[in-house]
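Structural description and commentary
Okay, here's what each chain looks like letter by letter:
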Amino acid sequence: MDIRETYQYKNIWRELCSDTDYVKKLKNYNILYRTIYFAANFPSGMPDLEYSDAAVDAYQKMTFYNSWEIVNLKGSYGKRLKTPDGTIIATDLMTGWWIPFRYFMRLETWVFPKAGKSRKHYLCELAKICPKEANEKALLSWMHKNSGRNKKSCKELLKFLSVVYTEGNIIPIITNFKPGRSLDGWDTKMMNIFDDNINTAQALAWRKYVTDIFGSKENFIEENLLSAYMMDRNTPKRIWNPEISYESASDQNWISYFNTMTTNIRERAKASLK
């Protein structure tokens, strides 16, 4: 089964949106422009991914979650899940694309000086200059020319983008960790869950959620298919070496990161179908 076709196009971008013209536009673009366009031109009346039927349905398929009640958001679009104890939670992307994309493409050197301060401004600026056509050779050449990255690393980024908006990359959340100086990846977020010395309100809320709902951290990992993110039963993997700054990271550093995250997301999606 082609997970990219099944989940990215069908469940997220097609079923999420009733605007058929918008969906047709997306399908005609390459994966990079499609991702930028999707983020910069979110249709009015379309629920955020976290509150979409596609995200909720992904968890209704899994045994642990299929008895959880689905509730509609009041005064807004979309849905959330209700835990057995009545806690209302959303789903969320585990690993985001914007922060790693920003540093990989070195946007500060050629995009940010031309745009405003918000992410939306940057996205709109990129949408004006990024190639649209589904021509990978031309797209890789454009990425290489503007970022200085080799084409192999650019290709790994495109593979990563192809799985970001898939079932393998979403998870129910009690509260969303602020990414801070991280790549907005689930490996970093799990550090907050497993390190009992971190006593922020977010970390404490997560540890209570894990204990109350799953009984143990081990069961939380098992039920959410997160074993690829663990070194052992008590220690999350560090997928990015904290001694390497994002600004100075080599092409090989990024190849390793994108390849690992892509593999983890795909394998998790496959596991969810068993």
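Residues numbered from 1 in each chain as written. Predicted model: local features only at pLDDT ≥ 70, side-chain atom pairs only at ≥ 80, totals over all residues. Heavy atoms only, no water.

Moving on: the overall build of the chain. A tally of regular secondary structure across the chain gives 12 helices and 6 strands. Counting only residues that meet the buried cut, the chain has 49% of its 274 residues in that class. Nonlocal contacts in the chain, meaning residues at least 24 apart in sequence, comprise 65% of its contacts between residues at least 6 apart. Total accessible area on the chain is roughly 13,400 Å²; 48% of this is exposed by carbon and sulfur atoms. (Helix = DSSP H or I, 4+ residues; strand = E, 2+ residues; numbered from the N terminus. Buried < 20%, exposed > 50% of the residue type's maximum accessible area, 1.4 Å probe, protein only. Contact = heavy atoms within 4.5 Å. Areas by Shrake-Rupley, 256 points an atom, 1.4 Å probe, with all protein chains shown as cover.)

Before going further, it helps to examine the pattern of salt bridges. Under the counting rule described, the total for this entry stands at 11 salt bridges. Overlapping salt bridges bring together Asp196, Arg207 and Lys217 as one network. (Salt bridge = Lys/Arg side-chain N within 4 Å of Asp/Glu carboxyl O.)

Close inspection of predicted coordinates is inappropriate for parts of the model with low pLDDT. Scored by pLDDT, the chain comes out at a mean of 82, with 83% of its residues at no less than 70. Ranking the elements of the chain by mean pLDDT puts helix α1 (residues 3–14) last, at 38, and helix α7 (residues 136–147) first, at 96. Predicted confidence for residues 1–18 stays below pLDDT 50, and this span has 55 contacts to residues more than four positions away or in other chains. (pLDDT = per-residue confidence, 0-100.)

With that out of the way, let us pick up the packing of helix α3 (residues 31–40) against helix α6 (residues 119–129). Running from amino to carboxyl end, α3 crosses α6 at an angle of 140°, the nearest separation of the two axes being 9 Å. On the basis of the axis angle, α3 is oblique to α6. Read as a crossing pair, α3 and α6 show a hand that is left-handed. Residue-level inspection shows Tyr33, Ile36, Ala39 and Ala40 of α3 in contact with α6, the latter providing Arg119, Lys120, Leu123, Cys124, Leu126 and Ala127. In the contact of α3 with α6, the residues fall into 8 nonpolar, no polar and 2 charged. (Axes fitted to C-alpha atoms, helices over the stretch in contact; angles between N-to-C directions. Parallel < 35°, antiparallel > 145°, perpendicular 65-115°, else oblique. Left-handed = near helix turned anticlockwise from the far one by under 90°. Nonpolar A, V, L, I, M, F, W, Y, C, P; charged D, E, K, R; others polar.)

Let's shift gears to unusual backbone geometry. With phi around 50°, Arg106 is a residue other than glycine that occupies positive phi space. Despite not being glycine, Leu225 has its phi angle at roughly 55°, a positive value. By secondary structure assignment, the location of Leu225 is in the loop between α11 (217–223) and β5 (230–232). Leu225 sits in the partly exposed class, given a relative accessible area of 26%.

What follows deals with the environment of Cys154. Locating Cys154 in the fold gives a position in helix α8 (residues 151–164). Discounting residues that sit within four places of it in the chain, Cys154 has contacts with Phe104, Leu140, Met143, His144, Ser147 and Arg149.

Relative to strand β2 (residues 79–82), strand β1 (residues 69–72) is paired through 4 bridges, and the arrangement is antiparallel. Paired with Val71 across the bridge in β2 is Arg80. Following β2, the chain reverses through 5 residues before pairing antiparallel with strand β3 (residues 88–93); Gly86 in that reversal takes a positive phi of roughly 95°. (Pairing = 2+ DSSP bridges.)

In this section: the sheet that holds β3. Spatially, the 4 strands line up as an open sheet ordered β1-β2-β3-β4, and their pairing is antiparallel. Either end of the sheet is taken by a strand with one partner, and the two such strands are β1 and β4 (170–173). Taken pair by pair, the neighbouring strands of this sheet meet at an average axis angle of 40°, ignoring direction.

Take α3 next. Burial within α3 is extensive, with 9 of its 10 residues counted as buried. Listed in full, the buried residues belonging to α3 are Ile31, Leu32, Tyr33, Arg34, Thr35, Ile36, Tyr37, Phe38 and Ala40. Two or three places before Leu32, at the opening of α3, Asn30 has a side-chain oxygen 3.0 Å from that residue's backbone nitrogen. (Polar contact = N/O pair within 3.5 Å; in protein donor to acceptor, adjacent residues only side chain to side chain.)

With the rule as written, the count across this model stands at 29 aromatic pairs. Judged by centre distance (6.0 Å) and plane angle (80°), the ring pair of Phe104 and Trp254 falls under edge-to-face. With Phe104 in helix α5 (residues 98–104) and Trp254 in helix α12 (residues 251–272), this residue pair connects regions lying 150 residues apart in the sequence. Phe104 gets classed as buried once you look at its relative accessible area, which sits at 0%. Measuring from ring centre to ring centre gives 6.0 Å for Trp206 and Phe220, while their planes differ by 70°; the resulting arrangement is edge-to-face. Here the residue Trp206 occupies a position in helix α10 (residues 201–214), and Phe220 occupies one in helix α11, the gap between them amounting to 14 residues. Of the two residues examined, Trp206 and Phe220, each falls in the buried class. A cation over an aromatic ring shows up here: Arg102 above the ring of Tyr103, its NZ or CZ 5.7 Å from the ring centre. (Phe/Tyr/Trp six-rings, centres within 6.5 Å; stacked < 30°, edge-to-face > 60°. Lys NZ or Arg CZ within 6 Å of the ring centre and 35° of its normal.)

Turning to α6, its buried residues number three or more, namely Tyr122, Leu123, Glu125, Leu126 and Ala127. Buried residues in α6 make contact with α3 and α5.

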